[in-house]
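Chain residues, written in single-letter form:
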Amino acid sequence: MIAREEIAQIVQEFETDLAQAGSAEALEKIRIKYLGRKSRLSRMFAKIPSLPPREKGVLGKELNVTKQKIAAKLEEKSQQNAQAEEGMDLTFPGEKISHGGRHLLSRVLEDICTTFENLGFSVKEGAEIDDEWHNFSALNIPLEHPSRDVFDTFYLNLPAQGKGKLLLRSHTSPSQIHFMEEASPPFAIVSPGRVYRPDQVDATHSFMFHQVEGFAVSEHIRFSDLKGVLLRFAKTYFGPGVELRFRPHFFPFTEPSAEVDISCFSCAARDSDEKCSICKGSRWIEILGCGMIHPHVLSACKIDPQRYRGFAFGMGVERIAMLRYRIPDIRLFYENDVRFLEQFRS
Amino acid sequence: MRFSLNFIREMVPVSCEPRELARKITLLGLEVENLEPVGDDWVYEVEVTSNRYDWLSMVGLSREVAAALGTRISLEYPEIRTSPSLEGFILRIDAPDDCPWYLGRRITNVRVKESSARLKERLLHSGLPAVNNVVDATNYCMLKWGTPLHAFDADKIQGNVTVRYARDRESFVGIDGKTRTLSSQNLVIADAERVIALAGVMGAQNTEVTGETKNVFLEAALFAPVRVRRSRRAAGIESESSYRFERSVFPDYIEYASEEAARIIERDAQGEFAGCVCAGRKPEEGKKEVILAGEDLRRTLGVQVPEEEVEGILSSLGFSCRRNTPGTLTVTVPAFRLDVDREEDLYEEIIRVYGYERIPATLPPIQPGTGKESLYSFKQKIRVMCAQLGFQEVVTYSIGEEDSLRAVCERDPVTLVNPLRAQETALRTTLFPALLQVLRYNRNRSRPDLSIFELADRYGVEKTGFSEIPTLAFLVSGQREEFFTLKGALREICGRLNIADVEFREITRAHFSSALELRGGGTVLGWAGKAGRKECDAQGVSGHVFYGEVDVEALQARQRPLRFVPFSQYPAVSRDVSLIIRPPARFQQVRVLIERRAGSYLEGLLVVDRYTGKEIPADAQAVTVRISYQSREKTLTSEEVDALHTGVREELQNQTGILVR
Ligand SMILES: [Zn+2]
């Protein structure tokens, strides 16, 4: 065979082998096969001395060029392989990481309490089974009075004790009484927890819901402090842009009393004439009730109303969560549909 | 409460736009919940708080509107006729505590027909139906003065009239046509024969004014709020009349209302005034004076309201002020403000007119708490821990169904006296049914596997009364092995709280096919187990369900501060041993043996493989245990490890029920 044809054949075989070589070992085998001491090219080099002088130079040069070309191609392929091994297709989807989480109500409750804790309040929970004295009488709510009607109550089949019939507390305000019976001022407390009222269940009513009660008593507490505390809470919890409106109201356990509205964050966000569904066009949303603790309540807890003053406030946790997270139906909190729970994991 | 702007305009000129008026009275505490134009009138729907009985009358509302607009009401008081007395008619009060005063008027020869358009509009726009010119006159005056009246057909009254308590099982048919059985709780108006009205609540059908009525007996009386409340609750009726009596009526207006109603009937029904009768007497209202100290006002509100402004506000609301010693005012409360008794009530009157928005916002100097971990913060810590361990928190109702609670828990539940629905009759003794319900709910929505927890109270009847115990409950469902997820989580929680001597003991527990007790710090902390098939089937739940409850206060009491525990500097070497364990042998024995034999060289042990199936007996389990050996003093040589391991194997081999492979 003519030397030139043989070289062409070697190069062609080399190209075929190289194309199939995937690993570093395969490349090494090819290197040995085409450039090793026993390779055909080496054997052709070995024949050069026996050739006529004119052919010697030409073939020698051709063999050298071929050898360099093969070496270069091997190197290139080896680098390509190395790169393919390190690189990855990152466009595949991420894995679904499913860990646990807290219920949205836990988080909202904690967020509310933390806001007050940062102002120096301590958190103290109260019991859910209570008696008429703590739930009503001590809070200046006479048992047979229309002011009781808003606090419709579940009674329990348990023998009545010295403090009246036993019941499921219908608000968190009895926590105030329990705490004040034991402690002496000054103090500032928030008390979260479950409360119960026999209300027909619908999109905005539930026979069980959560409240946070707050109260502070000292020789120097004023209504302006209540305003400051609630304003700080509203701005921390709903955003620095919100404003508060205090409307006079009546609660048996506070005097003076007020209901507090926040400026509608939904109206503030959009400027449209269409009636806002959150505040129903009034631009204000009621979020809590508050006031200066009634002297009768302080007296009931053996705290001198001449010397001490206090404020108290109470809010519904579900209502606040529904406003903040735009939840349309209170029942979603208690159905525990995983698709709901997973939206608010924390 | 609904009111019509045109009605108000009879007593006070309203200069401002209706919507602006709504805003103004809302900020005074009379919250307008709805406002609608009706013809040339506006109808306001307002929330009347239970202390403001006077806002249940147009006169009272007009006073508020006048205060909002900085003007006064003009009220015409009718001239009261006290004669002639009705001859031969005896009116007797047998219950003077609950009816101190009763006033009757007789109007004869009336022509009962439709009322005038104006009168009907006043009623309809305030949410009352128009009936006839006699009844409408009484309702109109009730709306105006806030004092309920009642008109009887005088010819149907048999003999004399008595105000007395009902006899037991006495029957009463109201003008609504319904029959009710009364008791001594009910105060009634009766003639010689029967009950003719449930006092302060509703008239009886037997003396109702109809188209044929010729002579009218008009009742105006004062009934005690608590009596009316008890009576209407016992009878199960609520009426415009009882609503007002329960919240108090102003005695002075009883005469005016009675007189005005009589005059309207005389005018519109062409009746003739035949005379009046009276029993008891109007209670004497003492003059109420309250001393108001400017300094106390400032100390309570945190704003200095100038004395002149205080006087201006109070007088606009009908109070009169007399300057006392410097800085104090003697305030005379108007007789119609039955709700104002003390200084704090005046503060509210002052501030609601002055404006809450004019009080600055300040922050109180608050003493920080003690820093002791509260149960609340401990619970929050546990919640975060459970979430980190892969459990999803749920919130379920504390009230469950008594029978389904008894079906899974031996403890007696506290039951409700007045349950709302059949599925919520008792406080839960265990959270199990509620969590099972969450599982069923989500399975029905293609979410078969759940790992959930809830932290809430469980309750029970005790010898001493009742208990309310904060409880951490877990429910895991899916594969058989998932029990060990739950068990692992419990161990991990105890570990993170550094509770001493944590161990699990096999126990039998009713309604669970197998169960473990969790102990730590020398006490029982909780339990966990596999729910019984029957209990799950009863709830319509298939497959394995694992459930556990931990006492949160016990956990908190047993937790200890974390302390660094030194670990060995030398490598650990592990060896596997494969076993077949057959009952009555338990894995627990394997663990105890290994721990005893390897002693201080045991770094840890791990079950790396567990198998039940064809090649081994049906009740047996094949397991591979990986034992890690380690010394605190040196690197163990391969020979030393082999010697230890051989010892362990031999020890295991000697146990009945355990086969080393
Ligand atoms: Zn809005």
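Residues numbered from 1 in each chain as written. Chains lettered and ligands numbered in written order. Predicted model: local features only at pLDDT ≥ 70, side-chain atom pairs only at ≥ 80, totals over all residues. Heavy atoms only, no water.

Attention shifts here to the interface of chain A and chain B. Each partner contributes to the interface: chain A provides 89 residues, whereas chain B provides 85 residues. When chain A packs against chain B, close to 7300 Å² is buried across both sides, 56% of that on carbon and sulfur atoms. Sorting the residues of chain A by area buried against chain B places E144, F207 and P248 of chain A first, and these three jointly supply 9% of that buried surface. Here chain A is connected to chain B by eight salt bridges. Here D149 of chain A makes a salt bridge to R229 of chain B, at a shortest N to O gap of 2.7 Å. Inspection of the chain A/chain B interface yields 44 residue pairs in polar contact (both at pLDDT 80 or more). Broken down by element, the residue count for the side of chain A that touches chain B peaks at eight residues, all from helix 8 (residues 223-238) of chain A. A per-class count over the side of chain A that touches chain B returns 40 nonpolar, 23 polar and 26 charged. (Contact = heavy atoms within 4.5 Å. Buried area = accessible area lost by both parts, 1.4 Å probe. Salt bridge = Lys/Arg side-chain N within 4 Å of Asp/Glu carboxyl O. Polar contact = N/O pair within 3.5 Å; in protein donor to acceptor, adjacent residues only side chain to side chain. Helix = DSSP H or I, 4+ residues; strand = E, 2+ residues; numbered from the N terminus. Nonpolar A, V, L, I, M, F, W, Y, C, P; charged D, E, K, R; others polar.)

Let's shift gears to the sheet that holds strand 3 (residues 41-47) of chain B. Adjacent strands of a sheet form backbone hydrogen bonds with each other and so pair up, either parallel or antiparallel. Residue and element names in this part refer to chain B. Pairing within the open sheet is antiparallel, and its three strands lie in the order 1-3-2. With one partner strand each, in any of the chains shown, strand 1 (2-4) and strand 2 (31-38) form the two edges of the open sheet. Geometrically, the sheet is characterised by an average inter-axis angle of 25 degrees between neighbouring strands, direction not taken into account. Relative to strand 3, strand 1 runs antiparallel, the two sharing three bridges. For R2, the partnering residue across the bridge sits in strand 3 and is E45. (Pairing = 2+ DSSP bridges. Axes fitted to C-alpha atoms, helices over the stretch in contact; angles between N-to-C directions.)

Once that is clear, we can look at the pattern of salt bridges. Residues and elements named next belong to chain B. Inspection of every chain in the model, using the stated rule, returns 81 salt bridges over all chains. As a salt-bridge pair, E114 and K120 come within 2.1 Å of each other at their nearest N and O atoms. Connected through shared salt-bridge partners, R52, D54, E64, R337, D339, E349 and R352 make up one network.

Once that is clear, we can look at the confidence of the model for chain B. All names here are of chain B. With 100% of its residues at a pLDDT of 70 or more, chain B has an overall mean of 94. When mean pLDDT is compared element by element in chain B, strand 20 (residues 426-427) scores highest at 98, while strand 30 (residues 658-660) scores lowest at 89. In the model output, the complex is listed with pTM 0.87 alongside ipTM 0.90. (pLDDT = per-residue confidence, 0-100.)

The next point concerns unusual backbone geometry. Peptide bonds are trans in most cases, and residues, glycine excluded, mostly fall at negative phi. With an omega of 5 degrees, the peptide bond running from P185 of chain A to P186 of chain A counts as cis. Residue P84 of chain B is reached from S83 of chain B by a cis peptide bond, and omega for that bond is 0 degrees. One non-glycine residue, R326 of chain A, lies in the positive phi region at around 55 degrees. Tracing the sequence through the fold places R326 of chain A in the loop between helix 11 (317-325) and helix 12 (332-335). The exposure class of R326 of chain A is partly exposed, given its relative accessible area of 49%. For H511 of chain B, which is not glycine, the phi dihedral falls at a positive 75 degrees. Along the chain, H511 of chain B falls in the loop between strand 23 (503-509) and strand 24 (512-520). (Buried < 20%, exposed > 50% of the residue type's maximum accessible area, 1.4 Å probe, protein only.)

Turning our attention to the layout of surface pockets. Residues and elements named next belong to chain B. Within this model, the second largest pocket holds a volume of roughly 1600 Å³. Put simply, the parts of the chain that give the lining of the second largest pocket at least two residues each are helix 15 (483-496), strand 23, strand 24, strand 25 (523-531), helix 18 (587-598), strand 28 (602-611) and strand 29 (621-629). The greatest single-element share of the lining of the second largest pocket, amounting to seven residues, is contributed by strand 23. Residue composition of the lining of the second largest pocket, by class: 20 nonpolar, eight polar and 14 charged. Mapped onto the domain boundaries, the lining of the second largest pocket takes at least three residues apiece from domain 4 (375-558) and domain 5 (573-660). (1 Å grid on protein atoms, 1.4 Å probe; cavity = no way out; pocket = protein on both sides within 12 Å on 5 of 7 lines; lining within 4 Å. Points joined across faces, edges and corners; volume = space filled by probe spheres on them. Domains from an automatic or database assignment.)

Another aspect to go through is the side chain of T49 of chain B. Mapped onto the elements, T49 of chain B comes out in the loop between strand 3 and helix 3 (58-69). Note on T49 of chain B: relative accessible area 7%, which makes it buried. Those residues in contact with T49 of chain B that lie beyond four places of it in its chain are H249 and F250 of chain A together with W55 of chain B.

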